[in-house]
Amino acid sequence: MDIDTRLLRSFAAVYEERQLTAAAARLLVSQPTLTKQVRQLETLLGVQLFERTRAGVTPTPAAEELARRTPGLLAGWECTVRATRQAATEAQGLLRVGFEGATINLVGLATMADFERRMPGWQARMRQNNWFDVTSGLAGGEIDLALWHAPADLGPEFTGERLGISPRVAVLSTSHPLAHRETIDVSELFDDPFVAIPAEAGFWRAYWLGCPERGDRPARIGAVVHNADEWLAAVACGQGIGFAPEAMRRLASRPDVVYRDLTGLSPSHVGLYWLRDRPLTQAMAAFVESCRSTLTL
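Residues numbered from 1 in each chain as written. Predicted model: local features only at pLDDT ≥ 70, side-chain atom pairs only at ≥ 80, totals over all residues. Heavy atoms only, no water.

Asker: I'd love a proper account of the packing of aromatic side chains, names of residues and values included.
Answerer: As enumerated under the stated definition, the model contains 10 aromatic pairs in all. Geometrically, the ring pair formed by Phe-158 and Phe-203 is edge-to-face, given 6.4 Å between the ring centres and 70° between the ring planes. With Phe-158 in strand 6 (residues 158-166) and Phe-203 in helix 6 (residues 203-208), this pair connects stretches of sequence that are 45 residues apart. One residue, Arg-18, lies across the ring of Tyr-15, its end atom 4.5 Å from the ring centre. In this structure, Arg-168 is placed above the aromatic ring of Tyr-207, and the distance from its NZ or CZ to the ring centre is 3.8 Å. (Phe/Tyr/Trp six-rings, centres within 6.5 Å; stacked < 30°, edge-to-face > 60°. Helix = DSSP H or I, 4+ residues; strand = E, 2+ residues; numbered from the N terminus. Lys NZ or Arg CZ within 6 Å of the ring centre and 35° of its normal.)

Asker: Talk me through the sheet that holds strand 13 (residues 268-275); I want residue IDs and the actual numbers.
Answerer: Pairing is mixed in the open sheet, where 5 strands are placed in the order 4-3-5-13-6. Looking along the sheet, the strands with just one partner apiece sit at the ends: strand 4 (123-128) and strand 6. For this sheet, the mean angle separating the axes of adjacent strands, direction not counted, is 25°. As defined by bridge partners, strand 3 (residues 94-99) adjoins strand 5 (residues 145-150) across 3 bridges and the pair is classed as parallel. Within strand 5, the position partnered with Gly-98 by the bridge is Ala-146. (Pairing = 2+ DSSP bridges. Axes fitted to C-alpha atoms, helices over the stretch in contact; angles between N-to-C directions.)

Asker: Residues and numbers for the pattern of salt bridges, please.
Answerer: If charged atoms from side chains of opposite charge come close, those side chains can pair. All chains considered together, the criterion is met by 18 salt bridges. Between Glu-246 and Arg-250 there is a salt bridge whose closest N-O contact spans 3.5 Å. The salt bridge partner of Glu-289 is Arg-292, with a shortest N-O separation of 3.9 Å. A residue pair is termed a helical-turn pair when its members lie 3 or 4 positions apart in one helix, as Glu-289 and Arg-292 do in helix 10 (residues 282-294) at 3 residues. For Arg-292, a relative accessible area of 40% gives the class partly exposed. When salt bridges that share partners are traced, they join Glu-246, Arg-249, Arg-250 and Asp-261 into one network. (Salt bridge = Lys/Arg side-chain N within 4 Å of Asp/Glu carboxyl O. Buried < 20%, exposed > 50% of the residue type's maximum accessible area, 1.4 Å probe, protein only.)

Asker: If you had to explain the nonpolar core to someone new, which residues and values would you point to?
Answerer: Side chains of a nonpolar character, in soluble globular proteins, are inclined to be buried together. In terms of nonpolar packing, the biggest core is built from 46 residues, with Trp-148, Leu-189, Trp-204, Trp-231 and Phe-243 touching the most fellow members. Listing elements by their share of this core, those giving two or more residues are strand 5, strand 7 (168-173), strand 9 (193-196), helix 6, helix 8 (228-236), strand 11 (242-245), strand 12 (257-263) and strand 13. The dominant element in this core, judged by the number of residues it contributes, is helix 8, at 6 residues. Of all hydrophobic cores here, the second largest spans 22 residues; its members include Ala-124, Leu-145, Val-270 and Ala-286. (Core = buried A, V, L, I, M, F, W, Y, C linked by side-chain atoms within 4.5 Å.)

Asker: Could you give an account of helix 2 (residues 20-27), naming the residues involved and the relevant values?
Answerer: Taken as a whole, helix 2 has its buried residues at Leu-20, Ala-23 and Ala-24. With its buried residues spanning 100° around the axis, helix 2 presents them on a single face. Turning to helix 2, the residues buried within the fold contact helix 1 (5-17), helix 3 (31-45) and strand 2 (57-59). With its phi angle positive at about 60°, Leu-28 sits one or two positions after the end of helix 2. (Arc of directions from axis to C-beta. Contact = heavy atoms within 4.5 Å.)

Asker: Explain the sheet that holds strand 7 residue by residue, including any values.
Answerer: Strands sit in the order 8-12-7-11 across an open sheet of 4 strands; the sheet is mixed. Edge strands, defined here as strands with exactly one partner in the open sheet, are strand 8 (183-185) and strand 11. Ignoring which end each strand starts from, the neighbouring axes of this sheet average 45° apart. Relative to strand 7, helix 8 is tilted by about 55°, and along the sheet it contacts strand 7, strand 11 and strand 12.

Asker: Outline the packing of helix 2 against helix 3, listing residues and values.
Answerer: One can describe the packing of helix 2 onto helix 3 by two numbers: an axis separation of 9 Å at closest approach and a directional angle of 100°. With respect to each other, helix 2 and helix 3 are oriented roughly perpendicular. Taken together, the residues of helix 3 that come into contact with helix 2 (itself represented by Leu-20, Thr-21, Ala-23, Ala-24 and Leu-27) are Gln-31, Leu-34 and Thr-35. (Parallel < 35°, antiparallel > 145°, perpendicular 65-115°, else oblique.)

Asker: Describe a nonpolar patch on the surface, listing the residues and the values that go with them.
Answerer: Where nonpolar side chains cluster on the molecular surface, the patch consists of Leu-44, Leu-45 and Val-47 and spans about 190 Å² of accessible area. Within the secondary structure, Leu-45 sits in helix 3. (Patch = residues over 30% accessible without salt bridge, like charges linked within 9 Å, V, L, I, M, F, W, Y side chains within 5 Å. Areas by Shrake-Rupley, 256 points an atom, 1.4 Å probe, with all protein chains shown as cover.)

Asker: Pulling in residues and values, what's your account of unusual backbone geometry?
Answerer: In this model, Arg-18 sits at a positive phi of 60°, which is unusual for a non-glycine residue. You can see Arg-18 is positioned in the loop between helix 1 and helix 2. Even without being a glycine, Ser-136 presents a positive backbone phi close to 60°. Looking at where Ser-136 falls in the secondary structure, it is placed in the loop between strand 4 and strand 5.

Asker: Pulling in residues and values, what's your account of the side chain of Ser-173?
Answerer: Note that Ser-173 resides in strand 7. Judged by relative accessible area, Ser-173 falls into the buried class, the value being 7%. Looking at Ser-173, its side chain comes within polar contact range of the side chain of Ser-175, at 3.0 Å. Setting aside residues up to four positions removed in sequence, Ser-173 forms contacts with Ala-179, Val-235, Ala-236, Gly-238, Asp-256 and Val-258. (Polar contact = N/O pair within 3.5 Å; in protein donor to acceptor, adjacent residues only side chain to side chain.)

Now the structure itself:
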């Protein structure tokens, strides 16, 4: 029996949310599309997976059994896809590196020249991180390394090489009441609306909203954006404020935005990261060393 992994992901979302509307929003599909996918999976398996009620859905015993096995099935498939893509790119002499909007300006000709000296015949290909994927493409094998401004603890699934520590700064429109201040305590900004990245970014969204420092004060969301250019434009237009790596101060200046030092907010750990269960290849290690030799944080 052939089953599309998309159907399993749809099933897992419905099982976890216990509601079709919430699961559809999480998967960025319409509710009719999600309902069709669940019914398609039920037809393929020949079982009923959910009891439909006015309050939502209730898993059947068959769904409970499938839910226990689905994470392993999906993880195994992701590992297979990742290994397949890795084999293809290594055969071409390609190393794929993800970057944030601010970090791409840290990598330039000197880094690439140093990498090519260490790995003759190889090329490092840069790709902007996907804000709709908490791993930025590492889990799916779309990139080999991610250049991140990250919290001190990323969790057990990641490992990496830290290149330095960088403060986080406040980014405000010039019309903001505190724009004239050179230094702001982070607690003074917690009642402001923030420009946020998508909810699918998981812990990254919480990190850039300053949630660890907020305690029980929820973030007000003024706008949700999909990339770094949209984020800066939303701040400039007064739709909200945000926190950003200090590097943006010198790399993304514009006349309607100011960058202000913060007290009370933890710094970012700049580094190259990858999945812990993936061995560090010679090319990955070479790029790490090239960044160590050429990056100015």
